[in-house]
Amino acid sequence: MCIRDRSDTDFAFVKEGSILARRKDGKFIKVDSADNLFHLGGKDIVYKDFYEAKGGAGGSLDDCQSSLKNTKSVTIDHVNISKQLNCYCLNVCGLRNRLQYNDFIDELCKNDIFILCETKTDDVDLEYIQSEFKDKNFDIHLFNRTKFSNRRSGGICVGLASHIKDDITFINTDCKYVQWFKINANVFGFEKDVIVGAVYIPPRGSLYTNITSFDEIQQELLDINVDNSYHTCILGDMNSHTGNLDDFILIDQQILNETDVDDTIVTILDMEGQLNKFDITKKRKSKCQVKVDQYGKKLLELCKNNGLLIANGRIGNDKDTGEVTCNEKSVVDYVICDPELLSN
């Protein structure tokens, strides 16, 4: 990829010994050497910082600037720029009533993405809900269990801040328990895009109980993430109790080495190696006081089958804690993702 004229470039700067530039389209790029900075524009470059960052080798500062002026082309590569994305997920148990409170809307809009479960909405509600966020620079997407209903139930809402919406693509599938969307790798500086599944599983004993819901989600994940080409994150209210049970299987390394299977499968099976590689604790913590149930076993099966880990009790402020998320005694809301994504 080449910058052909200065108008392509927003600014350039030095970081950790490398010259980085941001194009007008917002993408970050890395310039391999001072000789490749011709059309970035002299006033945008801190030559002295670049010169000193490279240890002063190769001539004087004037030589460096002269080299820039005489260069005829610019060859650049993408550079990974890590960015934090704030995502808020909550079971609202009926969205319309919550929107009566401005503080609630303001709290949602502090984030880049918000995911609301059990919205109890249908297609008639869309216009009203969008109007509540019209002045907040958020796009609202509703995924309802039914188009029109006198008795609304289930439902998922995804809100996207205007600065992130162009980097997100929704993936429409048949499963009523999950809404998939893809986040462009450039947002995080990853090599692979991130597939996100926003989930609401109705509780056991309800009218909509369905133990096959986890199987449906797993099948769609397999259909979408062919050849492990994406990072994966699944989050939401899963109404599952997993206790402190392991979410991965330990397999003897010798068996893995002697197994004639695809490298992608080996990566999923060798979870111990992944945990060690990304410095992730093997044992997660959970304060859940409710006995492990059938839903919990299905969730753990989903993790084991797809090389995913439960983030609860493993990372951030919840590390070694595993706070409850429901009725002050149980954990039913989860974030699960692949080890590399978890480590980031």
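In what follows, the accompanying structure is described.

1. A word on the overall build of the protein
Assigned secondary structure in the protein consists of eleven helices and 14 strands. Scored against the burial criterion, the 344 residues of the protein give a buried share of 43%. For the protein, long-range pairs separated by at least 24 residues make up 69% of all intrachain contacts whose partners lie at least 6 apart in sequence. In the structure as shown, the protein presents an accessible area of about 18300 Å², 44% of it carried by carbon and sulfur atoms.

2. Remarks on the packing of aromatic side chains
Within the structure shown, the criterion is met by six aromatic pairs. Taking 5.4 Å as the distance between ring centres and 35 degrees as the angle between the ring planes, the aromatic pair formed by Phe114 and Phe133 counts as tilted. Separated by 19 residues along the polypeptide, Phe114 in strand S6 (residues 113–117) and Phe133 in the loop between helix H5 (126–132) and strand S7 (138–143) bring together distant segments of the chain. Taking the relative accessible area as the measure of exposure, Phe133 reaches 1% and is therefore buried. Put simply, the rings of Phe114, Phe133 and Phe138 pair up and form one aromatic cluster.

3. A look at the sheet that holds strand S13 (residues 309–310)
Hydrogen bonds along the backbone pair up the strands of a sheet, which may run parallel or antiparallel. Ordered by their spatial adjacency, six strands build an open sheet running S9-S10-S11-S12-S14-S13, and the pairing between neighbours is mixed. Two strands in the sheet have a free side with no partner beyond their single neighbour: strand S9 (168–171) and S13. Note that strand S10 (residues 178–183) and strand S11 (residues 194–200) share six bridges and pair antiparallel. Counterpart to Trp180 in the pairing with S11 is Gly197. The sheet strands contacting helix H6 (residues 213–224) are S9, S10, S11 and strand S12 (231–237), and the helix crosses S10 at an angle near 25 degrees. This element, helix H10 (residues 294–306), spans S12, S13 and strand S14 (333–337) of the sheet and lies at about 15 degrees to S14.

4. So, the nonpolar core
Counting residues in each nonpolar core, the largest one holds 47 residues, and the members touching the most others are Ile113, Phe133 and Ile183. The residues touching Ile183, leaving out its near neighbours within four places in the chain, are Leu85, Ile113, Asp167, Ile168, Phe188, Asp193, Val194 and Val196. One finds Ile201, Ile217, Leu221 and Ile234 within the second-largest nonpolar core, a separate group that totals 24 residues.

5. Examining H10
Spanning 13 residues, H10 covers 19 Å between terminal C-alpha atoms, matching the ideal 18 Å at 1.5 Å per step. Regarding H10, the residues found buried are Tyr295, Gly296, Lys298, Leu299, Leu300, Leu302, Cys303 and Asn306. The first or second residue beyond H10 is Gly307, which carries a positive phi of 65 degrees.

6. Here we look at the environment of Gln179
In this structure, Gln179 sits in strand S10. For Gln179, a relative accessible area of 7% corresponds to the buried category. Separated by 18 residues in sequence, Gln179 and Gly197 have C-alpha atoms that sit 5.6 Å apart. With sequence-adjacent residues up to four places away left out, Gln179 is seen in contact with Phe143, Ile156, Phe170, Ile171, Asn172, Val196, Gly197 and Ala198. Here Ile171 takes part through its backbone oxygen, which lies 3.3 Å from a polar atom of the side chain of Gln179.

7. Examining the pattern of salt bridges
Tallied over the entire structure, the rule returns ten salt bridges. For the salt bridge of Asp125 with Arg96, the shortest nitrogen-to-oxygen distance reads 2.8 Å. With Asp125 in the loop between S6 and H5 and Arg96 in helix H3 (residues 95–98), this pair connects stretches of sequence that are 29 residues apart. Judged by relative accessible area, Asp125 falls into the buried class, the value being 1%. One salt-bridge network, held together by shared partners, links Asp215, Lys298 and Glu301.

8. A few points about the pairing of S6
Burial of S6 is extensive: five of the five residues sit out of reach of the surface. Residue alternation in S6 divides its side chains into two sets, Ile113, Ile115 and Cys117 and Phe114 and Leu116, and both sets are buried. Judged from the five bridges that link them, strand S5 (residues 87–91) and S6 form a sheet pairing that is parallel. Bridge pairing in S6 links Cys89 to Ile115. Looking at chain direction, S6 and strand S8 (residues 156–161) are connected through five bridges and run antiparallel. Directly across from Leu116, in S8, lies its bridge partner Cys157.

Calculation rules
- Residues numbered from 1 in each chain as written.
- Predicted model: local features only at pLDDT ≥ 70, side-chain atom pairs only at ≥ 80, totals over all residues.
- Heavy atoms only, no water.
- Helix = DSSP H or I, 4+ residues; strand = E, 2+ residues; numbered from the N terminus.
- Buried < 20%, exposed > 50% of the residue type's maximum accessible area, 1.4 Å probe, protein only.
- Contact = heavy atoms within 4.5 Å.
- Areas by Shrake-Rupley, 256 points an atom, 1.4 Å probe, with all protein chains shown as cover.
- Phe/Tyr/Trp six-rings, centres within 6.5 Å; stacked < 30°, edge-to-face > 60°.
- Pairing = 2+ DSSP bridges.
- Axes fitted to C-alpha atoms, helices over the stretch in contact; angles between N-to-C directions.
- Core = buried A, V, L, I, M, F, W, Y, C linked by side-chain atoms within 4.5 Å.
- Expected span 1.5 Å × (residues − 1).
- Polar contact = N/O pair within 3.5 Å; in protein donor to acceptor, adjacent residues only side chain to side chain.
- Salt bridge = Lys/Arg side-chain N within 4 Å of Asp/Glu carboxyl O.

All quantities given are derived from atomic positions and should not be read as evidence of function.
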